[in-house]
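Read off the chains here:
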Amino acid sequence: MKHPAKPTPLLPARLSATGKINGFHIRPGLFLSNGATLVPGGVSFTVHSFHGTHCELCLFHQADQEPFAVIPFPEECRIGNTYSMIVFDLNILDIEYAYRVDGPHDPARGLVFDRTKFLLDPYARAVTVQTLWGKGGQRERSYHARVVEDVFDWGKFQNSKLPFQDMIIYETHVRGFTKHPSAQVEHPGTFAGLMEKIPYLLELGINTVELMPIFEFDEKAEERVVNGKKLGNYWGYNPICFFAPNLDYVAADEFNHEGTELKEMIRTLNSYGIEVILDVVFNHTAEGDETGPFFSFKGLDNNIYYMLTPEGKYYNFSGVGNTLNCNHPMVRQFILDCLRYWVVEYRVNGFRFDLASILGRDENGSPLSKPPLLESLAFDPVLSHVKLIAEAWDAGGLYQVGSFPSWNRWSEWNGKYRDDLRRFLKGDAGMAQAAVERICGSRDLYPPEKRTNATVNFLTCHDGFTLYDLYAYNTKHNEANGWNNTDGFDDNNSWNCGVEGETEDPQVLALRDRLRKNAMAVLLCSRGAAMFLAGDEFGNSQRGNNNAYCQDNEISWLDWEDLERNQDLFQFTKRMIAFRKAHPVLRGRTNPSHCGWADLSLHNGAAWNNTFAPDTLQIGILFAGRNQTDTADDIILLAVNAHWEPHWQQLPTPPEGRHWQLFAHTGAPDPFAADKGFHGSGLELAPRSVAVFTMDG
């Protein structure tokens, strides 16, 4: 009996060298594997340059600024515009690497090759100079990459697949979430520190964490001292490398195993039913304009990776110096490779795209009707189950909320929800009808028969006032940023309730507390996904700073002592989150009700009143439906009185055998004291208050 032949391995135990350059054995590399890839006995280095004429691999000992070896890519290690070379017998525990590329220098055509510059691999899995927050940085030395050995075993891990409308998104900054001493964690300001707070997130009811940028960025950008405090780029919207996690967010050194702690965090959060969304910045890089640093894309193919004017200058639709040329085929492929990498290697659940309208511009900056990049991401099979959320505007004036190209895959940060509800809830006239549309899922923007996964509703985010400050300040107070209070939004649709900033006036404090609870109640009773900024649930303040991008200090760090000081607001938010989870009819359309009531109906003050006047400040929205497994109807009525006077809210006569119950009324001393002041047929809504009614039976 013959035995079947053993299959030939794809790679032998050790590849054989085909040449020797400067003392190193080499051979042509893995042309289809980008970046640095471990192979038996060596490392394959692959890089692309369309206009470059010559490329060198530079090897450094750890922390050295000058290479100990320079290995030119020979012709046999080049196919087309791709350079790929395996170098044998490297000690990856010691080496760092970068490239030098030569080519034409013609700035008017956007060609700025400089063979003296060390270039960071765009596909680098780890950036070595970024290892300690506020230390190192491009100003002291060039960026180098490290070869990463992936030893993380995902086993049988499967991502959570939370329905879009069920998401309760908690936007947070990894460092600021636990950096304050009051966080009382073992590893402050890190992925590990965030993991230590998982019990808190579970208690609150959060099921999705959206992390502000965690790719490597230059926190020392714009470094300066203002009033004795060192300022820099704290938020992280200043990317250096798109494939490398920020090593400043790691509790322990991970030499050559970078990403392990982040992967552990994502796996742990998912195991508790909490998804992870990354805030990604593909609209620009930290290389800036003509005056900015030169460390990667500029030296590889400046006129391909960036949008350039006919004179070779940088278009600036991002507001920070340059704009990535996202719909060029090479850049489009790079972004797709990047997102696939984070989904496959890190198992992230979704992405929020900063200034996403830039991703829909052509090389001249004009908006495209069917942007190739956005379409590619919408239909990519690897990305098919992850959330794609667009910030549907950019710094160049393109505003696409409600019109962002979607293919029924892209969702949007609903900026109109934020603006319309802020205005209505503080009592602006003429906003009632818009407020109803936003609460009901923005049907005017996203027809429900076509779009059920479109709107991410929010009243606060990292950009702007916190919820506490929204009702404590009429104007921004950004003096600490050092720009004479000229930065940040001027139109915040906020209200200080009569006193600017901190006060001890009990009436003002009570009103502010009520308005914050109103905002949380309305947000958590609105159709679509719900998002709020970390700390809003316990009254975190940035002291009126609505653009704290540079504040790596107590202005931005969450002060966890506020959790005890504002326990009442925390408990209110926690109960409203639980209420939202218990009633799918609040999150989106369900099965039709048995009683025949419509999915949505209006009861503006009086039952079945669906009219609006210019001065309408009271709305009532009834949600009716039935859950998949329930035989009884699920009926909720949300009543909002944005007026400074009390108003009666009449309830529609319930179906036979059913009775109205009052779940919450923010105008009461105890919002959940349902037996006080409620008579079954209606309720007198206190001035500037919200009430939520349910039905028993």
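Treat the numbers as computed from the prediction; the structure is a model and nothing was measured.

*Asks:* I'd like a rundown of the overall build of the chain, residues and numbers included.
*Replies:* Within the chain, the regular secondary structure consists of 13 helices and 30 strands. The C-alpha radius of gyration of the chain comes to 28 Å, within 12% of the 26 Å expected for a compact globule of 697 residues. Reported as C-alpha extents along the three principal axes, the dimensions of the chain are approximately 90 × 80 × 50 Å. A burial count over the chain gives 61% of its 697 residues as buried. Considering only contacts in the chain between residues 6 or more positions apart, those separated by 24 or more positions represent 72%.

*Asks:* Give me the lowdown on the nonpolar core, citing residues and values where you can.
*Replies:* Across soluble globular proteins, you tend to see nonpolar side chains buried next to one another. Counting residues in hydrophobic clusters, the biggest one holds 188 residues, and the most contacted among them are Phe 45, Trp 342, Phe 351 and Phe 353. In terms of residue count, the dominant contributor to this core is helix α6 (residues 329-346) (ten residues). Of all hydrophobic cores here, the second largest spans 15 residues; its members include Ala 639, Leu 651, Leu 662 and Met 695.

*Asks:* So what about the side chain of Thr 694? Which residues, and what values?
*Replies:* Position of Thr 694 relative to the elements: it lies in strand β30 (residues 689-696). Accessibility expressed as a relative area gives 11% for Thr 694, which makes it buried. Residues contacting Thr 694, with those up to four places away along its chain left out, are Phe 579, Ile 635, Ile 636, His 659, Trp 660, Gln 661 and Phe 663.

*Asks:* Which residues make up the sheet that holds strand β5 (residues 54-61), and what are the values?
*Replies:* Spatially, three strands are ordered β6-β5-β9 in an open sheet, and the strand pairing comes out antiparallel. A single partner strand is all that each edge strand has here, and the edge strands are β6 (69-72) and β9 (95-102). Ignoring which end each strand starts from, the neighbouring axes of this sheet average 25° apart. Relative to β9, β5 runs antiparallel, the two being bridged by eight bridges. If you follow Phe 60 over to β9, its bridge partner there is Glu 96.

*Asks:* Could you give an account of empty space enclosed by the protein, naming the residues involved and the relevant values?
*Replies:* One pass over the full model with this rule turns up four cavities of 30 Å³ or more. Of the pockets and cavities examined, the largest cavity occupies roughly 160 Å³. Only β12 (168-172) and α1 (174-178) provide two or more residues apiece to the lining of the largest cavity. Approximately 40 Å³ is the volume found for the second largest cavity. Lining the second largest cavity, in full, are Leu 459, Thr 460, Leu 467, Ala 519, Met 520, Leu 523, Phe 532 and Asp 536. Looking at which element gives the most residues to the lining of the second largest cavity, the answer is helix α11 (residues 506-524), with three residues. Looking at the lining of the second largest cavity residue by residue, the class counts come to six nonpolar, one polar and one charged.

Cut-off values and rules
Residues numbered from 1 in each chain as written. Predicted model: local features only at pLDDT ≥ 70, side-chain atom pairs only at ≥ 80, totals over all residues. Heavy atoms only, no water. Helix = DSSP H or I, 4+ residues; strand = E, 2+ residues; numbered from the N terminus. Rg over C-alpha atoms; globule rule 2.2 N^0.38 Å. Buried < 20%, exposed > 50% of the residue type's maximum accessible area, 1.4 Å probe, protein only. Contact = heavy atoms within 4.5 Å. Core = buried A, V, L, I, M, F, W, Y, C linked by side-chain atoms within 4.5 Å. Pairing = 2+ DSSP bridges. Axes fitted to C-alpha atoms, helices over the stretch in contact; angles between N-to-C directions. 1 Å grid on protein atoms, 1.4 Å probe; cavity = no way out; pocket = protein on both sides within 12 Å on 5 of 7 lines; lining within 4 Å. Points joined across faces, edges and corners; volume = space filled by probe spheres on them. Nonpolar A, V, L, I, M, F, W, Y, C, P; charged D, E, K, R; others polar.

Nothing here speaks to function; it is geometry throughout.
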